[in-house]
Amino acid sequence: MSRYKTRKGKEVVFLVAMAILTFVGILPLFHIIVTVFTEGLPVIAERGFTFLTGTLSNGGIGPAIAGTFILMFLSSLIGLPVALLVGIYAYEYPNSLIGRWTKTLLQIMLEFPTILVGVFVMNIVAIPMGTYSGFAGAFALAVILMPYVAVYTQEAMRQIPFTYREASFGLGLSRIKIISRILVPLSKRGILTGVLIGMAKVAGETAPLLFTVGGLYQSYPTSITKPIGAIPLLIYTLIQSPSNADHAMAWGASLVLLLIFLLIFIPVRASLKEVRL
Amino acid sequence: MEKKQNSLIKTAIVGIVIVISPLLSGCITSNESVTLRTTGATFPQYQIQKWIDIYQQSHPDIKIEYEGGGSGHGQEAFLQGLTQVGRTDPPVKEDTWNKLLNTGDQPLQFPEIVGAVVVAFNLPGINELKLSREILVDIFMGYIEYWDNESIEQLNPEANLPHEKIKVIHRSDSSGTTAIFTTYLSLISEKWANRVGAGKTVDWPVDKMGRGLAGKGNPGVVTILKQTEGSICYTELSFVIEENLKIASIENKNGKFIKPVTETIQSAVSQVSSFIPDPTEGYKEDVKQLLDAPGDNTYPIVAFSHLLVWQNKDGKHYSPEEAKAIKGFLTWILTEGQKKENIAPGYVALPSEVAQIGLNAVNTIQS
Amino acid sequence: MPLFPFFLRYFRRKKNEDTLHFKNIKRIDTLKVITSPAIIFVLLLFVWMLTVYFYNALPAFIREGLEVYFRNTWQAAEEASKEYYGLAAPIWGTIYTSIIAILIALPISIADSVFVVDYAPKKVKNFFIIISDMMAGLPTIIYGIWGAFVLVPFLQKYVMMPLYKHLSFIPIFSSPPITGYSYFSAGILLGIMVTPFASAIIREAYQMVPFTYREATLSLGLTRYEATKILLGYIKPAIFSGAILAFGRAVGETVAVSLVIGNTFNLSIGLFAPGYTISSLIANQFGNAFIYKHMLPALYAGGLALFIIGLIVNVVGLYLLKRWQKNVEI
């Protein structure tokens with residue numbers, strides 16, 4: 001009987017410990033969100049629209065917001081076509097040598113230290129060009145975006161029942177037709193999800209921008225071959241300043257960044273059961 | 001269900017496009033303005049930012065981006081053409097100068113402002129602290145471990161020093177402030193010169209004792225100081241004023257304990273006739289010239305901070321508009337900018353003959 | 001465009017040869033032709049990156065040999081002859097903080113997986129998965145600002161100080177929590193950041209445990225603790241690879257860590273001492289490395305080490321995971 005009791009006792013301890021650990025695991029997220037709102041909202045409320053459109057000396061982060069969107073857009077422009085093709089290849093030739101390599105490589109790139117991408121791009125783009133630029137930043141971000149979209153593309157297409165493929169082959173369609181007319185449209189939703197996840201990732205990245213974009217906060221960007229700003233990079237600079245005014249600004253900017261992230265994340269999450277980032 | 005989700009994603013994409021497009025169009029239609037970029041030393045940060053603010057108000061068509069990163073980064077970014085105006089506290093060394101010349105353009109270097117490196121501390125309840133030369137060196141060497149060390153107490157009998165370890169904060173990046181400070185320490189102490197030496201980054205002995213901490217840029221250092229009781233750091237005077245930190249009085253050449261204020265810094269500048277080489281041979285300048293200057297009322301750690309700019313031979317580095325804007329801004333800095341109302345707290349204007357050397361150099365920039 | 005048709009012709013001829021000698025007749029694969037450039041681009045990019053790091057790091061190896069990884073000096077001097085760079089402290093910091101991160105992430109993610117799979121009602125389950133995904137995707141700079149302004153002061157006051165006060169005779173607690181910027185803070189922050197990645201892998205694996213196993217444990221009349229223990233034993237390899245992959249993430253994280261690690265060349269076992277990591281070293285020093293003669297190669301050597309650690313960790317982690325998945329499927 002007492003043996004049963006100790007067993008039961010162990011079970012209770014186990015359940016309690018598990019509940020506590022689970023709770024501790026999700027606690028930080030709530031604390032982060034609450035803190036970002038409580039610290040950031042007053043700053044934005046106080047400065048109002050200027051915070052979102054003004055330049056740094058006017059107390060706003062407008063150019064940084066513009067820069068982040070431009071970088072998102074440009075990096076998608078560079079990264080998406082490559083990513084889609086790579087994803088399709090990985091789906092279509094999963095067992096060939098290159099196909100296997102590609103799949104492993106994509107997984108590795110997903111996990112890859114992003115600072116290394118930044119340094120690499122500085123080396124091959126920013127220094128030869130002789131200037132920091134939006135293009136260099138977008139290129140670095142594209143390298144980071146690419147594996148996400150490729151993996152999602154491949155996964156989304158793999159989810160389509162094999163019978164569709166068989167049926168299409170039965171109709172005598174060529175591979176390219178099957179992919180472009182049947183499989184891609186069918187897996188549209190999964191691919192779009194991948195695209196949005198890639199963009200969410202790209203919007204929040206800091207390390208790849210450290211040595212590539214330079215920063216531009218006093219005026220709006222005019223050219224992709226010139227330096228450009230980004231919200232995460234601006235936050236990184238502001239945090240390292242001693243002045244409380246800069247810290248307030250950093251919290252405000254963090255709130256904006258968080259909202260951009262949620263704006264992308266929520267629809268994605270609503271459309272899919274599980275998202276792997 | 002699927003349709004609903006599909007439309008959600010579509011809405012999201014449409015939403016993003018809607019947000020982006022006015023921004024993009026806004027960029028295209030924005031009126032023609034020239035953007036200049038200045039990068040490097042954080043020593044003159046508050047001064048530069050003040051100049052930029054004032055200048056942008058009277059010249060709305062010119063935007064100036066301030067970027068920190070330290071003197072080392074300033075020299076590097078300037079060399080790579082990643083910034084238009086580099087900032088460095090210590091003059092460029094000959095090696096780097098040759099690299100600059102190898103680009104085929106002529107670099108120009110001249111002082112922009114005078115500032116002081118101060119020793120700030122965070123000891124609650126203590127406002128005044130005197131540090132003799134020896135103590136100063138020993139603290140940064142790590143020889144003195146606790147605040148209530150005998151030698152410090154003897155010098156500061158009225159201060160109630162805690163039995164707490166001294167945490168020494170230094171820079172993590174390649175820094176002109178560090179160069180000035182370590183050059184000064186090498187100047188007053190052979191021990192320091194032999195063991196540690198001078199440079200934009202040095203191997204801090206305190207790091208290996210676990211009592212060293214590092215911050216990026218003067219802002220980073222001051223941030224850590226504010227958060228850390230029992231710490232000490234070196235930084236530029238303006239940061240101390242801006243953040244209301246406590247400053248130590250440092251023993252000067254004549255054995256007097258002096259706090260850095262405008263008069264004591266000015267005294268250093270007036271005590272020595274500064275030698276500024278031709279801006280085309282900037283590397284010949286000596287950092288030491290304003291350090292440890294004589295005079296009873298002279299603060300010992302004073303230095304010029306410098307600007308780097310290209311002569312722009314054959315338009316190698318700047319477009320004509322940029323060259324014009326750079327010339328305008330730098331001329332303004334060296335004339336209007338040196339007036340009392342445009343000097344930020346903690347800095348001292350250049351002697352007029354030094355400013356003139358800079359002006360002559362600026363006039364040779366080709367547009 | 002003379003190049004492209006030639007390229008096609010070449011392709012075709014090769015295919016024809018193939019068909020003549022070996023296989024059944026096949027048309028040229030247009031899909032392959034279209035997708036191949038992208039594949040080649042990505043593979044080349046990767047090789048290029050490795051080359052850039054290796055090539056730029058080479059001078060450091062020539063000058064200092066492998067000592068560049070094993071010495072703890074960071075001497076940037078104006079005179080080139082006095083320069084000496086050793087990466088021991090950042091390498092130690094990288095590994096130390098990542099291990100702390102795993103020690104934190106592992107129990108949490110295991111508990112989270114068990115809870116989500118075994119106990120949570122469907123709605124709660126979904127909620128937890130959403131939370132986990134959000135944590136995985138949250139911009140790292142937001143972790144950074146929260147870490148620097150909220151987490152570090154909290155840890156210093158309520159965790160490090162008491163531990164130091166009462167347990168400083170234990171070596172790892174022996175260094176005073178001077179500022180709170182330390183291996184410990186960085187490790188905790190990293191642990192929070194990598195938990196969702198470990199969770200995702202472990203949760204998936206735990207879900208894949210065949211139903212018959214669950215039935216079997218129940219039929220034995222085991223308590224939930226005992227049953228879970230057995231089931232977790234079954235997915236041990238997946239837990240292991242989850243830990244490895246999370247370690248890989250922790251090793252590469254840059255901005256959040258650089259804001260809380262303290263950035264000093266310190267090599268200490270003391271949890272509360274400040275230190276450095278490779279990635280924050282690069283973030284701090286790369287911007288001024290060019291003006292020194294020998295610093296840049298040393299930084300690239302650091303990057304190369306990071307590159308290779310990342311590569312090995314990921315390949316091993318993925319390999320183990322795949323092998324385990326295959327076993328389960330059979």
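**Q** Summarise the overall build of chain C; cite the residues concerned and give the values.
**A** When helices and strands are tallied, chain C shows 13 helices and two strands. A compact globule built from 330 residues should have a C-alpha radius of gyration of about 20 Å, whereas chain C, at 25 Å, is more than 25% larger. With the C-alpha coordinates aligned to their principal axes, the bounding extent of chain C is approximately 80 × 75 × 30 Å. Out of the 330 residues belonging to chain C, those deemed buried represent 53%. For chain C, restricting intrachain contacts to residue pairs at least 6 apart in sequence, the fraction spanning at least 24 positions comes to 74%.

**Q** Residue-level account of the overall build of chain B, with values.
**A** In terms of helices and strands, chain B carries 13 helices and 13 strands. Projected onto the principal axes, the alpha-carbon positions of chain B cover approximately 75 × 65 × 40 Å. Per-residue burial for chain B yields a buried fraction of 53% across its 367 residues. Summarising the internal contacts of chain B: among those between residues at least 6 apart in sequence, 74% fall at separations of at least 24.

**Q** Account for the nonpolar core, naming residues and giving values.
**A** A general trend in soluble globular proteins is that nonpolar side chains are found buried together. Grouped together as the largest cluster of nonpolar side chains are 306 residues, with contacts concentrated most on B:Val119 and B:Val302. Contacts of B:Val119, omitting those with residues within four sequence positions, involve B:Leu131, B:Leu136, B:Ile232, B:Tyr234, B:Ile247, B:Ala248 and B:Ile250.

**Q** Describe the sheet that holds strand β11 (residues 257-258) of chain B, listing the residues and the values that go with them.
**A** Residues and elements named next belong to chain B. Judged by pairing direction, the sheet is mixed, and its three strands sit side by side in the order β5-β10-β11 without closing on themselves. In this open sheet, the two edge strands, each paired with only one partner strand, are β5 (130-131) and β11. Sheet topology places β5 next to strand β10 (residues 249-251); two bridges connect them, and they run parallel. Counterpart to Lys130 in the pairing with β10 is Ser249.

**Q** How would you explain the interface of chain C and chain A if you had to name every residue and give the values?
**A** Listed per partner, the contact involves 64 residues of chain C and 66 residues of chain A. For the side of chain C that touches chain A, the element with the most residues is helix α2 (residues 30-64) of chain C, which contributes 13 residues. Residue classes in the side of chain C that touches chain A are distributed as 44 nonpolar, 15 polar and five charged.

**Q** Describe the packing of helix α1 (residues 2-47) of chain A against helix α6 (residues 140-167) of chain C, listing the residues and the values that go with them.
**A** α6(C) packs onto α1(A) with a crossing angle of 85 degrees between their chain directions and a minimal axis gap of 10 Å. Between α1(A) and α6(C), the angle falls in the class roughly perpendicular. Residues A:Ile32, A:Thr35 and A:Val36 of α1(A) pack against C:Ile142, C:Trp146 and C:Val150 of α6(C). Classifying every residue of the contact of α1(A) with α6(C) gives five nonpolar, one polar and no charged.

**Q** Got a sec to walk through the packing of helix α5 (residues 114-129) of chain A against helix α6 (residues 134-158) of chain A? Specific residues and values, please.
**A** All names here are of chain A. Where α5 contacts α6, the two axes come as close as 9 Å, and the packing angle between them is 145 degrees. Regarding α5 and α6, the two cross each other, and that crossing is right-handed. Touching Thr114, Val117, Gly118, Val121, Val125, Ala126 and Met129 of α5 are Phe135, Ala136, Phe139, Ala140, Val143 and Ile144, all from α6. Tallied by class, residues from the contact of α5 with α6 come to eleven nonpolar, two polar and no charged.

**Q** Please provide a residue-by-residue account of the pairing of strand β12 (residues 302-310) of chain B, values included.
**A** All names here are of chain B. Of all the nine residues making up β12, nine are buried; the element is thus mostly covered by neighbouring parts of the structure. Where burial is concerned, the two faces of β12 agree: the one with Val302, Phe304, His306, Leu308 and Trp310 and the one with Ala303, Ser305, Leu307 and Val309 are both buried. Bridge analysis of strand β3 (residues 85-88) against β12 gives three bridges, and the strand direction is antiparallel. Of the residues in β12, the one forming a bridge with Thr88 is His306. As paired elements, strand β4 (residues 107-122) and β12 share nine bridges and run antiparallel to each other. For Pro107, the partnering residue across the bridge sits in β12 and is Trp310.

**Q** Give a detailed account of unusual backbone geometry, specifying residues and quantitative values.
**A** Leaving glycine aside, a negative phi is the common case for residues, and trans is the common case for peptide bonds. Residues and elements named next belong to chain B. The phi torsion at Asp292 lies on the positive side, around 50 degrees, for a residue other than glycine. In this structure, Asp292 sits in the loop between α11 (262-271) and β12. One non-glycine residue, Asn312, lies in positive phi territory at about 65 degrees. For Asn312, the location among the structural elements is in the loop between β12 and α12 (320-334).

**Q** Which residues make up helix α5 (residues 133-141) of chain B, and what values go with them?
**A** Owing to its 3.6 residues per turn, the α-helix aligns residues three or four sequence positions apart on the same side. Of the positions making up α5(B), those classed as buried are B:Ile135, B:Leu136, B:Val137, B:Asp138, B:Ile139 and B:Phe140. B:Gly142 sits one or two residues past α5(B) and shows a positive phi near 90 degrees.

**Q** Let's hear about the domain arrangement of chain B: which residues, and what values?
**A** For interface size, the figure often reported is the accessible area lost on association. All names here are of chain B. Each domain of chain B was delimited in the assignment, giving domain 1 (37-115 + 271-286 + 302-362) and domain 2 (117-269). Relative to domain 2, the C-alpha centre of domain 1 lies at a distance of 27 Å. At the interface, 26 residues of domain 1 touch 22 residues of domain 2. Mapped by element, the contributors of at least two residues to the side of domain 1 that touches domain 2 are α2 (45-58), β2 (62-69), α3 (70-79), β4, β12 and β13 (347-348). If one sorts the elements of the side of domain 1 that touches domain 2 by residue count, α3 sits on top with four residues. Looking at the side of domain 1 that touches domain 2, its residues break down into twelve nonpolar, 13 polar and one charged.

**Q** If you had to explain the pairing of β3(B) to someone new, which residues and values would you point to?
**A** All names here are of chain B. Burial along β3 is two-sided: the face carrying Val85 and Arg87 and the face carrying Gly86 and Thr88 are both buried. Alignment of strand β1 (residues 34-40) against β3, held across three bridges, turns out to be parallel. In the strand pairing of β3, Thr39 is matched with Gly86.

**Q** Provide a residue-level description of helix α9 (residues 217-227) of chain B, including the pertinent values.
**A** With nine of its eleven residues buried, α9(B) lies for the most part within the structure. Looking at α9(B), one finds that the buried residues are B:Gly217, B:Asn218, B:Pro219, B:Gly220, B:Val221, B:Val222, B:Thr223, B:Ile224 and B:Leu225.

**Q** I'd like a rundown of the confidence of the model for chain B, residues and numbers included.
**A** Across chain B, the average pLDDT comes to 86, with 91% of residues at or above 70. Below pLDDT 50 for its whole length, residues 24-30 of chain B participates in eight contacts with residues either more than four positions away or in separate chains.

**Q** Now, about the confidence of the model for chain C: what can you tell me, with residues and values included?
**A** Residue and element names in this part refer to chain C. Residues at a pLDDT of 70 or more form 91% of chain C, whose mean pLDDT is 86. Put simply, helix α1 (residues 3-21) is where chain C has its lowest mean pLDDT, 40, and helix α4 (residues 88-119) is where it has its highest, 94. The low-confidence segment residues 1-25 (pLDDT under 50) makes eight contacts with residues lying over four places distant or belonging to another chain. Reported confidences for the modelled complex are a pTM of 0.85 and an ipTM of 0.92.

**Q** Please set out the environment of B:Gly210 residue by residue, giving values where relevant.
**A** Tracing the sequence through the fold places B:Gly210 in the loop between α8 (190-195) and β7 (212-215). Taking the C-alpha atoms as reference points, B:Gly210 and B:Lys167, 43 residues apart in sequence, are found 8.7 Å from one another. Residues contacting B:Gly210, with those up to four places away along its chain left out, are C:Ser175, C:Asn266, C:Ser268, C:Gly270 and C:Ala273.

**Q** Requested: an account of the environment of C:Ile244, with residues and values cited.
**A** Residue and element names in this part refer to chain C. Structurally, Ile244 can be placed in helix α10 (residues 236-252). Spatially, the C-alpha atom of Ile244 lies 7.4 Å from that of Asn314, the residues being 70 residues apart in sequence. If we ignore the near neighbours within four places in the chain, the residues touching Ile244 are Val313, Val316 and Gly317.

**Q** I'd like to hear about the environment of B:Ile64, residue by residue, with values.
**A** Examined against the element boundaries, B:Ile64 turns out to sit in strand β2. Using a count of 25 C-beta atoms within 10 Å as the deciding quantity, one classes B:Ile64 as buried. C-alpha separation for the pair B:Ile64 and B:Leu131, spaced 67 residues apart in sequence, amounts to 40 Å. Not counting the four nearest positions on each side in its chain, B:Ile64 is found in contact with A:Gln218, B:Leu36, B:Thr38, B:Ile52, B:Tyr55, B:Gln56 and B:Phe329.

Rules and cut-offs
Residues numbered from 1 in each chain as written. Chains lettered and ligands numbered in written order. Predicted model: local features only at pLDDT ≥ 70, side-chain atom pairs only at ≥ 80, totals over all residues. Helix = DSSP H or I, 4+ residues; strand = E, 2+ residues; numbered from the N terminus. Rg over C-alpha atoms; globule rule 2.2 N^0.38 Å. Buried ≥ 20, exposed ≤ 12 C-beta atoms within 10 Å, placed from the backbone. Contact = placed C-beta atoms within 7 Å. Core = buried A, V, L, I, M, F, W, Y, C linked by C-beta atoms within 7 Å. Pairing = 2+ DSSP bridges. Nonpolar A, V, L, I, M, F, W, Y, C, P; charged D, E, K, R; others polar. Axes fitted to C-alpha atoms, helices over the stretch in contact; angles between N-to-C directions. Parallel < 35°, antiparallel > 145°, perpendicular 65-115°, else oblique. Left-handed = near helix turned anticlockwise from the far one by under 90°. Domains from an automatic or database assignment. pLDDT = per-residue confidence, 0-100.

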